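Understanding the architecture of this molecule
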Amino acid sequence: MQPGMKIREIQCKSAIGKCDFPGGGFAINPYIGCGHGCAYCYARFIKRFTGHAEEWGRFVDVRTNIADVLRKQMKSSKYESHQIYIGTVTDPYQPMEAKYRITRKALEVLLEHDNPVSILTKSDKVLDDIDLLKQFKKVDVNFTVTSLDEKWVRFTEPRAPSVKQRLAAMKKLSGEGITVYAMMGPYWPFFTDPEKLFKEFKKAGVKRVFTESFNTTGGNFTGVENVLKKYSEHLAGMKEILFDSKRFYEFYREAENKVKHASRKYNIPTTVYFGLGHAAKFRQS
């Protein structure tokens, strides 16, 4: 167990709910909270509903009965054929998964159905379930990789696996015939280089890249600001870009062009959500 972590085993009444992603679908979150402790995580908003007083990244509730509840819920016709996302507000392969195997148990239930499944993670621990993933008719694994600057990644994602580990896992899954996507988001000023990232994504067999601008709402910037104190030369510049509407637009408009160029150069379709009043999709020509 990680020092300073509060772990609780809880019983859930519902294992699956609606997903707010574009296109809809349903979401399964095997855990409440996340041990990775990412400074920018949008999921910290759940503390408003869970009553946790601990710092984000310092508590995890393990939904120990999720597989049994999921098996009962999946009997309903309302879930039939719909996309199911695993890990929309938690990482299903965070460190606790090594002990509890809650995500694996949920996957075993989903194997009994024909739903398309998407796994969202930062962890190479997903490789532990490669035997199950190969049995699905339609499954993909979406890895978050925002930068190749390991120092920046270590500061902003302190307890997540390294970028090197993630890229190796992506390549392994692709080699086994499993569809792999990459989430290049948030797209950071100063630290995200789409040219270099797309080059690595190509090597890893990534089929599509998603990217988005940084969401500063809900106190998400507070943790990042603390991190930036260790990158003092970028603190003022980052704040100007993210909080000045004109600079925000200019920066992410230029970023769109860079992403579009890399998408075409490396022949990887890309979906961009940069908060510029539209969602721009770039597909290979």
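Bear in mind that the values here come from a model prediction, so they are computed numbers and not experimental data.

Attention shifts here to the packing of aromatic side chains. Enumeration according to the criterion identifies 18 aromatic pairs in this entry. Ring centres of Phe-26 and Tyr-79 lie 4.8 Å apart, and the angle between their planes is 75°; this geometry places the pair in the edge-to-face category. Linking Phe-26 in strand E3 (residues 26–28) with Tyr-79 in the loop between helix H2 (66–73) and strand E6 (84–86), this pair joins segments that are 53 residues apart in sequence. Measuring from ring centre to ring centre gives 4.8 Å for Tyr-252 and Phe-274, while their planes differ by 50°; the resulting arrangement is tilted. Taken together, the residues span a long stretch of sequence, with Tyr-252 in helix H11 (residues 245–265) and Phe-274 in the loop between strand E11 (270–273) and strand E12 (279–282) at a distance of 22 residues. Members of the aromatic cluster, joined through ring pairs, are Tyr-40, Trp-152, Trp-188, Phe-191, Phe-214, Phe-221 and Phe-243.

Another aspect to go through is the confidence of the model for the protein. Per-residue pLDDT for the protein has a mean of 92; in total, 95% of the residues score no lower than 70. Here residues 278–285 is modelled with pLDDT under 50, and outside its nearest four sequence neighbours on either side it reaches 20 contacts, counting other chains as well.

It is worth spelling out the packing of helix H8 (residues 194–204) against H11 at this point. It is the contact of H8 with H11, at a shortest axis distance of 9 Å, that shows an interaxial angle of 30°. With respect to their mutual orientation, H8 and H11 come out roughly parallel. Once H8 is placed against H11, the crossing between them reads as right-handed. Touching Pro-194, Glu-195 and Phe-198 of H8 are Lys-258, Val-259, His-261, Ala-262, Ser-263 and Lys-265, all from H11.

Summarising the sheet, strand E8 (residues 139–144) and strand E9 (residues 179–183) pair through five bridges and their orientation is parallel. Looking at E9, one finds that Thr-144 is bridged to Met-183. Summarising the sheet, E9 and strand E10 (residues 208–212) pair through three bridges and their orientation is parallel. By the bridge assignment for E10, Met-183 is matched with Phe-210. Where the polypeptide runs from E9 across H8 and back to E10, its parallel neighbour, the crossover connection is right-handed.

Of all hydrophobic cores here, the largest spans 85 residues; its most connected members are Met-170 and Phe-201. When sequence neighbours within four positions are dropped, the list of residues in contact with Met-170 reads Phe-143, Val-145, Val-180, Tyr-181, Ala-182, Phe-201, Ala-204 and Val-206.

A word on the side chain of Thr-88. Along the chain, the position of Thr-88 falls in the loop between E6 and helix H3 (97–100). Residue classification places Thr-88 among the buried residues on the basis of a relative accessible area of 9%. Beyond its immediate stretch of four places on either side in the chain, Thr-88 contacts Cys-19, Phe-21, Ala-27, Asn-29, Tyr-42 and Leu-120.

This brings us to unusual backbone geometry. Residue Pro-186 follows Gly-185 across a cis peptide bond; omega there is 10°. Located in the positive-phi region is Arg-101, a residue other than glycine, with phi close to 55°. Examined against the element boundaries, Arg-101 turns out to sit in the loop between H3 and helix H4 (102–110). Overall, Arg-101 belongs to the partly exposed group, its relative accessible area being 23%. For Asn-267, which is not glycine, the phi torsion reads 55° and is therefore positive. Residue classification places Asn-267 among the partly exposed positions, given a relative accessible area of 40%.

Okay, the sheet that holds strand E5 (residues 59–63) next. Taken in spatial order, the three strands make up an open sheet running E1-E5-E4, and their pairing is mixed. Taken across any chain shown, the strands that pair with only one partner, and hence form the sheet edges, are strand E1 (6–10) and strand E4 (31–32). As defined by bridge partners, E4 adjoins E5 across two bridges and the pair is classed as antiparallel. Note that in E5 the partner of Ile-32 across the bridge is Asp-61.

Right, let's talk about the pattern of salt bridges for a bit. In total, this model carries 19 salt bridges according to the counting rule given. Between Glu-108 and Arg-104 there is a salt bridge, with its nearest N and O atoms 3.6 Å apart. Of this pair, Glu-108 and Arg-104 both sit in helix H4, four residues apart, which is roughly one turn of that helix. What makes Arg-104 buried here is its relative accessible area of 17%.

Conventions used here
- Residues numbered from 1 in each chain as written.
- Predicted model: local features only at pLDDT ≥ 70, side-chain atom pairs only at ≥ 80, totals over all residues.
- Heavy atoms only, no water.
- Phe/Tyr/Trp six-rings, centres within 6.5 Å; stacked < 30°, edge-to-face > 60°.
- Helix = DSSP H or I, 4+ residues; strand = E, 2+ residues; numbered from the N terminus.
- pLDDT = per-residue confidence, 0-100.
- Contact = heavy atoms within 4.5 Å.
- Axes fitted to C-alpha atoms, helices over the stretch in contact; angles between N-to-C directions.
- Parallel < 35°, antiparallel > 145°, perpendicular 65-115°, else oblique.
- Left-handed = near helix turned anticlockwise from the far one by under 90°.
- Pairing = 2+ DSSP bridges.
- Right-handed = clockwise from strand over helix to strand, strands pointing away.
- Core = buried A, V, L, I, M, F, W, Y, C linked by side-chain atoms within 4.5 Å.
- Buried < 20%, exposed > 50% of the residue type's maximum accessible area, 1.4 Å probe, protein only.
- Salt bridge = Lys/Arg side-chain N within 4 Å of Asp/Glu carboxyl O.

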